[in-house]
Amino acid sequence: MSRANDLMKIRGLLQERRRTTETAQAGARRELAALKDQERDPEYEEQAQAELADYTLSTLIEAQRREIMLIDAALSRMDNDVFGECVDCGNEISLDRLEAMPFAIRCEEDAALHEQETREAARHVGSLSL
């Protein structure tokens, strides 16, 4: 199978994942709305449980929103014929990596380097606050 065909397969997977994520997000939003519309029992434990559920659903919705953004960005890169190109070195990102991480914008080598630089920068910032 050619790389172009493989990328079209990944596009289909991304589109399906987007639909699935949107459906799940709509369900989480309905659950959150229903939770907020419930009359609250004044008992502390039940209130704490409701707040935990509210926090969990809100966190889930935010994660789903971010995933949809990543999918849209990947689809946009496909539309602009730059999907699968490393943003740092311009080389092709391996199909194995794209199948595992269709949002990948860096090849494995540059991703590892970027992660190391990010960790070092975070350590540096952390040491400045001491």
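All chains use their own residue numbering, which begins from 1 and follows the written sequence. Given that this is a predicted model, residues contribute local features only at a pLDDT of at least 70 and side-chain atom pairs are listed and counted only at 80 or more, while totals for whole chains, interfaces and linings are drawn from all residues. Hydrogens and water molecules were not included; the side-chain quantities draw on all heavy atoms of the structure.

Caption draft 1: Quick peek at the overall build of the protein chain. Helix and strand counts for the protein chain stand at four helices and zero strands. The helix and strand labels rest on DSSP assignments: H or I over at least four residues marks a helix, E over at least two residues marks a strand, and numbering proceeds from the N terminus. In sequence order, the secondary structure elements of the protein chain are arranged as α-α-α-α. Note that the radius of gyration is over C-alpha atoms, with the globule rule given as 2.2 Å times the number of residues to the power 0.38. In summary, the protein chain has a C-alpha radius of gyration of 20 Å against a globular reference of 14 Å for 130 residues, an excess of more than 25%. For the protein chain, the spread of C-alpha atoms along the three principal axes comes to 60 × 45 × 20 Å. The buried share of the protein chain, reckoned over its 130 residues, is 27%. Contacts in the protein chain between residues far apart in sequence, at least 24 positions, make up 59% of those at least 6 positions apart. Accessible area for the protein chain stands at about 9,200 Å²; split by element, carbon and sulfur atoms hold 53% of it. Each charge sign in the protein chain was given a centre, from 17 positive and 28 negative side chains, and these centres are 3 Å apart. For each residue, the accessible area found with a 1.4 Å probe, counting protein chains only, is set against the maximum for its type, and the residue is called buried under 20%, exposed over 50%, and partly exposed in between. Pairs of residues are marked as contacts when any of their non-hydrogen atoms sit within 4.5 Å. Computed with the Shrake-Rupley method and a 1.4 Å probe, the accessible areas treat only the protein chains shown as cover for residues. Residues scored as positive are Lys and Arg, those scored as negative are Asp and Glu, and His as well as the terminal groups of each chain are ignored. Charge positions are represented by NZ for Lys, CZ for Arg, CG for Asp and CD for Glu.

Caption draft 2: Quick look at the pattern of salt bridges. Salt bridge, as applied in this entry: a Lys or Arg side-chain nitrogen positioned within 4 Å of an Asp or Glu carboxyl oxygen. Taken as a whole and judged by the stated rule, the model has 10 salt bridges. Here Arg-65 ties to Glu-62 by a salt bridge, and the two come within 2.5 Å at their closest N and O atoms. Here the residue Arg-65 and the residue Glu-62 both occupy positions in helix α2 (residues 44–79), the gap between them amounting to three residues, near one helical turn. Arg-65 sits in the partly exposed class, given a relative accessible area of 35%.

Caption draft 3: Quick look at the environment of Arg-106. Residue placement: Arg-106 occurs in the loop between α3 (95–100) and α4 (108–128). The spatial distance from the C-alpha of Arg-106 to the C-alpha of Gly-27 is 33 Å, given a sequence separation of 79 residues. In this structure Arg-106 touches Cys-86, Val-87, Asp-88, Ile-93, Arg-97, Ala-111 and His-114, once residues within four positions along its chain are discounted. Any pair of nitrogen or oxygen atoms within 3.5 Å is treated as a polar contact; in protein, a donor-acceptor pairing is required on top of that, and neighbouring residues in sequence qualify only through side-chain atoms on both sides. A distance of 2.8 Å separates a polar atom in the side chain of Arg-106 from a polar atom in the side chain of Asp-88.

Caption draft 4: Broad picture of the UniProt feature "domain: Zinc finger DksA/TraR C4-type" (unreviewed entry) in the protein chain. UniProt positions are given in the numbering used here, feature names are shortened, and annotations may be inferred rather than shown by experiment. According to UniProt, the positions carrying the feature "domain: Zinc finger DksA/TraR C4-type" (unreviewed entry) are residues 83–107. Annotated as residues 83–107, this span is 24% helix and 0% strand, and its ends, taken at the C-alpha atoms, are 12 Å apart.

Caption draft 5: Representation of the UniProt feature "zinc finger region: dksA C4-type" (unreviewed entry) in the protein chain within the structure. The sites that UniProt annotates as "zinc finger region: dksA C4-type" (unreviewed entry) are residues 86–110. Summarising residues 86–110: 36% helix, 0% strand, and an end-to-end C-alpha distance of 8 Å.

Caption draft 6: Highlighting the nonpolar core. Definition of nonpolar core: a set of buried residues of the types Ala, Val, Leu, Ile, Met, Phe, Trp, Tyr and Cys, connected through side-chain atoms within 4.5 Å. Core analysis: the largest hydrophobic core is formed by 14 residues, its most contacted members being Ile-10, Leu-14, Met-78, Phe-83 and Leu-98. Among the secondary structure elements, those contributing two or more residues to this core are α1 (3–37) and α2. Beyond its immediate stretch of four places on either side in the chain, Phe-83 contacts Leu-7, Ile-10, Ala-74, Arg-77, Met-78, Leu-98 and Pro-102.

Caption draft 7: Representation of the side chain of Gln-64 within the structure. Among the structural elements, Gln-64 can be located in helix α2. Using a relative accessible area of 8% as the deciding quantity, one classes Gln-64 as buried. When neighbours within four sequence positions are excluded, Gln-64 is seen to be in contact with Thr-21, Ala-24, Gln-25 and Ala-28.

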